[in-house]
Amino acid sequence: DAGITQSPRHKVTETGTPVTLRCHQTENHRYMYWYRQDPGHGLRLIHYSYGVKDTDKGEVSDGYSVSRSKTEDFLLTLESATSSQTSVYFCATSVDSRTEAFFGQGTRLTVV
Amino acid sequence: GIQVEQSPPDLILQEGANSTLRCNFSDSVNNLQWFHQNPWGQLINLFYIPSGTKQNGRLSATTVATERYSLLYISSSQTTDSGVYFCADLKALNRDDKIIFGKGTRLHILP
């Protein structure tokens, strides 16, 4: 498996506070992705990156921003957390957009 | 948009039984993967299988890209096979395409 580390693994935060989740990879993969997983919806793409400083939106990007200043790190920020953003967040990486993707262990975020 | 249907949605089997999980796509299959999400939530890569057949121990998978479906076979099921199985198609990413996930098949293996 690709060396993908998500931090934190669990977080509880209050509505209206900013939250940043980190994804760190050691495989030098060009593509990185953030997904959220919710009951009844499966996995949905939030944002992805196709290189340093190159990012684009997925299907559920509202309320989220991302940054990628280094190949190995992809940050997901909730500017002002809402209860609807309570979810499990997964990071994934792939060499390019047409090859096998590998997932991190997930971050369980609870917004109260 | 592109639709992915997985069947059956739920499956309960006795240990030792065999099973076939199916993934149908409404559009062409490009880079299909099968994942197992274990009861602890980890997503584990099973197969990367754009076409053809692959086997890994008790698991095997077949993708028929021209007919837009893929099958995952699990033989001699064990309780550790329990969890949710997802298929996903990784397409070239632009504003119209995205990585498409099915909603999964929940498998429960009884001891």
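Throughout what follows, the structure given in this document is the object of discussion. Along each chain, the written sequence defines residue order, and numbers are assigned to residues from 1. Chain labels run from A onward and ligand labels from 1 onward, assigned in the order the entries are written. Local features in this predicted model are restricted to residues of pLDDT 70 or higher, and side-chain atom pairs are both shown and tallied only at a pLDDT of 80 or more, whereas totals for entire chains, interfaces and linings draw on every residue. Working from all heavy atoms in the structure, the side-chain values ignore hydrogens and water.

Quick word on the overall build of chain B
Starting at the N terminus, helices and strands are each numbered in turn, a helix being any DSSP run of H or I of at least four residues and a strand any DSSP run of E of at least two. In terms of helices and strands, chain B carries zero helices and eleven strands. N-terminal to C-terminal, the α/β element order of chain B is β-β-β-β-β-β-β-β-β-β-β. C-alpha atoms define the radius of gyration in this analysis, and the globule rule sets the expected value at 2.2 Å times the number of residues to the power 0.38. Its C-alpha atoms give chain B a radius of gyration of 14 Å, within 12% of the compact-globule value 13 Å for 111 residues. A 1.4 Å probe rolled over the protein chains alone gives each residue an accessible area, and that area as a share of the maximum for its type sets the label: buried under 20%, exposed over 50%, partly exposed in between. Within the span of chain B, comprising 111 residues, buried residues form 50% of the whole. Counting contacts in chain B only where the partners sit at least 6 residues apart, residues at least 24 apart contribute 54% of the total. Just so you know, the count uses Lys and Arg for positive and Asp and Glu for negative, and it drops His and the chain ends. Think of each charge as sitting on NZ of Lys, CZ of Arg, CG of Asp or CD of Glu. Where the 9 positive side-chain charges of chain B centre and where its 9 negative ones centre are 3 Å apart. Whether two residues touch is decided by their heavy atoms; if any such pair falls within 4.5 Å, the residues are in contact.

Looking at the packing of aromatic side chains
For Phe, Tyr and Trp, rings pair up if their centres lie within 6.5 Å, where Trp contributes its six-membered ring, and each pair is then called stacked (planes under 30 degrees apart), edge-to-face (over 60) or tilted (otherwise). With the rule as written, the count across this model stands at eleven aromatic pairs over all chains. An angle of 40° between the planes, with centres 6.4 Å apart, marks the rings of A:Tyr33 and A:Tyr35 as tilted. We note that A:Tyr33, like A:Tyr35, is buried. Taking 6.2 Å as the distance between ring centres and 45° as the angle between the ring planes, the aromatic pair formed by A:Tyr48 and A:Tyr50 counts as tilted. One aromatic cluster is present, built from ring pairs that chain together A:Tyr31, A:Tyr33, A:Tyr35, A:Phe90, A:Phe103, B:Phe35, B:Phe86 and B:Phe101. Each ring is checked for a lysine NZ or an arginine CZ that lies within 6 Å of its centre and within 35 degrees of its normal; such an atom marks a charge sitting over the ring. The positively charged end of B:Arg22 is found above the aromatic ring belonging to B:Tyr69, 4.2 Å away from the centroid.

Digging into the interface of chain B and chain A
Contact with chain B, which involves 21 residues of that partner, is made by 19 residues of chain A. A combined buried area of about 1,900 Å² lies between chain B and chain A, and 56% of that area is made up of carbon and sulfur atoms. Take a side-chain nitrogen of Lys or Arg and a carboxyl oxygen of Asp or Glu: if they are within 4 Å of each other, that pair is a salt bridge. Summed over the shared surface of chain B and chain A, the result is zero salt bridges. Between N or O atoms, a polar contact is any pair within 3.5 Å; within protein, one atom must be a potential hydrogen donor and the other a potential acceptor, and residues adjacent in sequence are included only when both atoms are from side chains. Summed over the shared surface of chain B and chain A, the number is four residue pairs in polar contact (both at pLDDT 80 or more). Summed over both partners, the accessible surface that disappears when two parts come together, traced with a 1.4 Å probe, is what is meant by buried area.

Comments concerning the environment of B:Leu32
Residue and element names in this part refer to chain B. For Leu32, the location among the structural elements is in strand 4 (residues 32–37). Between the C-alpha atom of Leu32 and that of Thr66, which follows or precedes it by 34 residues, the distance is 13 Å. Ignoring any residue separated from it by four or fewer positions in sequence, one finds Leu32 in contact with Phe25, Phe47, Tyr48, Ile49, Pro50, Thr63, Ser70, Ala88 and Asp89.

Let's talk about unusual backbone geometry
Residues A:Ser7 and A:Pro8 are joined by a peptide bond in cis, for which omega reads -5°. The linkage connecting B:Ser7 with the following residue, B:Pro8, adopts the cis geometry, with an omega of -10°. Counting through the fold element by element, B:Pro8 comes out in the loop between strand 1 (4–7) and strand 2 (10–14). With a phi angle near 60°, B:Arg68 is a residue other than glycine that sits in the positive phi range. Residue position: B:Arg68 is located in the loop between strand 7 (59–64) and strand 8 (69–74).

Let's talk about the sheet that holds strand 8 (residues 73–78) of chain A
Residues and elements named next belong to chain A. The pairing criterion for strands is at least two bridges between them, as found by DSSP. Taking strand neighbours across the sheet as the criterion, the four strands line up as 1-3-8-7 in an open arrangement whose pairing is antiparallel. The open sheet has two free edges, formed respectively by strand 1 (4–7) and strand 7 (64–70), since each of these has just one partner strand. The average undirected angle you get between the axes of adjacent strands in this sheet is 20°. Helix axes are fitted to C-alpha atoms over the stretch in contact, other axes to C-alpha atoms as well, and angles between N-to-C directions run from 0 to 180 degrees.

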